Amino acid sequence: MSALNRRAFLAAGTAAAALPALAACGGSGSADPDAPLQFILSGDANQGGGFAAMAAKYEEETGQAVEIVDLPYDDLNTKVRNSAKANDLPALARMPSLDPVWLDRTRDLAELAEAVKPVDGMWAADDEGKVPALPSDLTAVGLFLNKDLWDKAGVAYPTSVDENVWTWDEYVAAATAVREATGVKYAMAVDSSSHRLNSFLYQMGSEGIALSEDLSSYTANEATVPALQYFADLNDDAFIPRSVWLSQDDPNAMFKTGQVASYYSGSWQIADFVANIADFAWVSVPMPAQPVQATNFGTSAHIVVFEGTGQEDAAYAFVEWLYQPENYAEISKIAGFLPAIQDVEVTYDERQEDFDLYNAAIAATPDFVTEIKTRDLKLQAAGTAKDIGVDAVKEETVKVIAGEQTAQEAVDAMLEQLNASLA
């Protein structure tokens, strides 16, 4: 990203952060339609700054002000839930998931979805055809290498998903050779996240803990248990540090400080690495396939317009403007998003090749991943599943890595908890 653009969105993000938090959102329906629209979100400097920059552009073009209220991620859900209960919702929000507490207060975006064509699997309608949200962006899991270390060790790596990409066995051998040749502490770090783990499971022939087509149950195929065991075995304090999954050590910091030869994370890291890695060269490479070439893609957040605020039409107009191809490409460029809208091409200021690799990985991913994403969103849109309060896939995997249970016991526990949420 150019220095000019970095300054622009950082300045915009600072301005957004200074706004008062949720004062008089107008949920009673009495708000002036021409008053500033409060847009609640949680984003890093890139994301929040991107939305702030687009809000400023929208006001310049239309005269309608949009106030970006950028909250800490841990506070976002609670704030919007409380606002819904107090009948004091903002005009619109960018939310990590659809919450039954406010789901029935969202405006139907079906007409807009038909017009802008979100990426398949990133949006869904309820049984009545209502589309309560649109994806704000697309992210995908991917693999980064410390290029200097790999070059120093003389170990080759693939650079395109069109090539015969490496298997996990081949990648493990290669990363181990780099660690041993360079003396780096670990071969790889992996984010402590079920989103990253699911990508690994897909590559090993599993479909993860998958929701059935009729949304009535979760299942796991026969590849799931051995795939989970394979992953747990990699957490041996030589290949992968156990402290990331067991003690919440920061894998991002490990990679940026040169402690690991490779990092299994995702596209959202690109802007951070551009800004904050100066001591070594890094590169995005295809993930292993054993035997499936797949990534796990998704949206980091959903755009919703709330009803009952008196500003529904004005908020809808802003969202409609935001998703116009030229504007959506602009925010994707500023914020470092992969586009969640079909047929939108983004030209990034830096690391275009990295973004292109992620888009190619998504295109190469089997259809079952899209189907899983669609079912998960349909369940959210239906608002019928109970919140079990934990990420069962992640928490049960932690117990396997800690030696507290077998992979089979973990998969059984995942299925039991997730199926109980459907009862």
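Everything numeric here is computed off the predicted structure, so don't read it as measured data. (Residues numbered from 1 in each chain as written. Predicted model: local features only at pLDDT ≥ 70, side-chain atom pairs only at ≥ 80, totals over all residues. Heavy atoms only, no water.)

A. Broad picture of the environment of Met 95. Examined against the element boundaries, Met 95 turns out to sit in strand β3 (residues 92-95). You can call Met 95 buried: its relative accessible area is 0%. Residues Met 95 and Ala 301, spaced 206 residues apart in sequence, show a C-alpha to C-alpha distance of 5.1 Å. Residues within four places of Met 95 in sequence aside, it is in contact with Leu 76, Asn 77, Val 80, Trp 102, Ala 301, His 302 and Val 304. (Helix = DSSP H or I, 4+ residues; strand = E, 2+ residues; numbered from the N terminus. Buried < 20%, exposed > 50% of the residue type's maximum accessible area, 1.4 Å probe, protein only. Contact = heavy atoms within 4.5 Å.)

B. Here's a closer look at the environment of Val 292. Among the secondary structure elements, Val 292 is positioned in the loop between β10 (282-285) and β11 (297-298). Look at Val 292 and you get buried, because its relative accessible area is 19%. Apart from the residues within four sequence positions on either side, Val 292 is in contact with Tyr 202, Gln 203, Gly 205 and Pro 366.

C. View of a negative patch on the surface. Taken together, the side chains of Asp 108, Glu 111, Glu 114, Glu 307 and Glu 320 define an acidic patch exposed on the protein surface. Along the chain, the position of Glu 111 falls in helix α4 (residues 110-116). Judged by relative accessible area, Glu 111 falls into the exposed class, the value being 64%. (Patch = residues over 30% accessible without salt bridge, like charges linked within 9 Å, V, L, I, M, F, W, Y side chains within 5 Å. Areas by Shrake-Rupley, 256 points an atom, 1.4 Å probe, with all protein chains shown as cover. Salt bridge = Lys/Arg side-chain N within 4 Å of Asp/Glu carboxyl O. Lys, Arg positive; Asp, Glu negative; His and termini not counted. Charge placed at Lys NZ, Arg CZ, Asp CG, Glu CD.)

D. A look at the pattern of salt bridges. For the structure shown, the criterion picks out eleven salt bridges. Ionic pairing is found between Asp 137 and Arg 94, a salt bridge with its closest N-O pair at 2.8 Å. Here the residue Asp 137 occupies a position in the loop between β4 (134-135) and β5 (139-146), and Arg 94 occupies one in strand β3, the gap between them amounting to 43 residues. For the pair shown, Asp 137 and Arg 94 are each scored as buried. Its salt-bridge partner being Asp 354, residue Arg 351 comes within 2.7 Å of it at the nearest N-O pair. Here the salt bridges share partners, and the residues they tie into one network are Arg 351, Glu 353 and Asp 354.

E. Region of the structure containing the sheet that holds β3. An order of β2-β1-β3-β12-β4 is seen for the five strands of this open sheet, with the pairing classed as mixed. Edge positions in the sheet fall to β2 (66-70) and β4, since each has one partner strand and no second. The sheet contact formed by β3 and strand β12 (residues 302-305) spans four bridges and is antiparallel. The partner of Leu 92 across the bridge, within β12, is Val 305. Helix α3 (residues 73-85) contacts β1 (37-41) and β3 of the sheet and is inclined by roughly 140° relative to β3. (Pairing = 2+ DSSP bridges. Axes fitted to C-alpha atoms, helices over the stretch in contact; angles between N-to-C directions.)

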